[in-house]
Amino acid sequence: MKSDCIFCKIIKGESPAKFVYRDMDFVAFHNIKPSAPVHVLLVPVEHIESVNALEERHGAVISKMIIRAKEIAKQLGISDSGYKLVINVGRGAGQIVFHLHIHLIGGW
Ligand code: AMP
Ligand code: ZN
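(A) Geometry of the site of ligand 1. Neighbouring residues of ligand 1: 16 residues in total, closest N31, G94, I96, H101 and H103. At 3.2 Å, a backbone N or O of I32 approaches a nitrogen atom of ligand 1. A total of 500 Å² of accessible area belongs to ligand 1 in isolation, and the protein chains cover 86% of it. Among the detected pockets, ligand 1 sits in the largest pocket. At the level of elements, α1 (6–12) and β2 (26–30) are the ones that each hand at least two residues to the shell around ligand 1. No other element matches the 3 residues that α1 contributes to the shell around ligand 1. Its residues assigned to classes, the shell around ligand 1 shows 8 nonpolar, 7 polar and 1 charged.

Here is what the cut-offs are and how they apply
Residues numbered from 1 in each chain as written. Chains lettered and ligands numbered in written order. Predicted model: local features only at pLDDT ≥ 70, side-chain atom pairs only at ≥ 80, totals over all residues. Heavy atoms only, no water. Near = heavy atom within 4 Å. Polar contact = N/O pair within 3.5 Å; in protein donor to acceptor, adjacent residues only side chain to side chain. Areas by Shrake-Rupley, 256 points an atom, 1.4 Å probe, with all protein chains shown as cover. 1 Å grid on protein atoms, 1.4 Å probe; cavity = no way out; pocket = protein on both sides within 12 Å on 5 of 7 lines; lining within 4 Å. Sits in = over half its atoms within 2 Å of the grid points. Helix = DSSP H or I, 4+ residues; strand = E, 2+ residues; numbered from the N terminus. Nonpolar A, V, L, I, M, F, W, Y, C, P; charged D, E, K, R; others polar.

Below, the structure written as structure tokens:
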């Protein structure tokens, strides 16, 4: 946990969020500034800065997040219309929160 990280604060309950899923390993909540009708962020509990900081040991949580993203898409009714799973890596790619997250975007 990193004290100045907004996603760590959300995970610790120190900052509000509209959760759609949470377990011991990761959480999912609605983006505060959605760029589509559905815009959910999936975030590991561990503070991993970006894909560049991933290690072999993170493999299980990352794959569970992708499988859960599919379930959340179904739950929010966007499975059939289609959705994107996006990870921005680094400032040049538009990453502004340096706690790894997967964007689940859809519902157009
Ligand atoms: P990225 O550009 O990939 O780092 O994406 C970070 C995302 O986090 C942006 O789409 C923001 O709108 C979103 N975001 C930032 N702060 C919050 C917050 N407190 N609650 C929910 N989403 C947030
Ligand atoms: Zn963090």
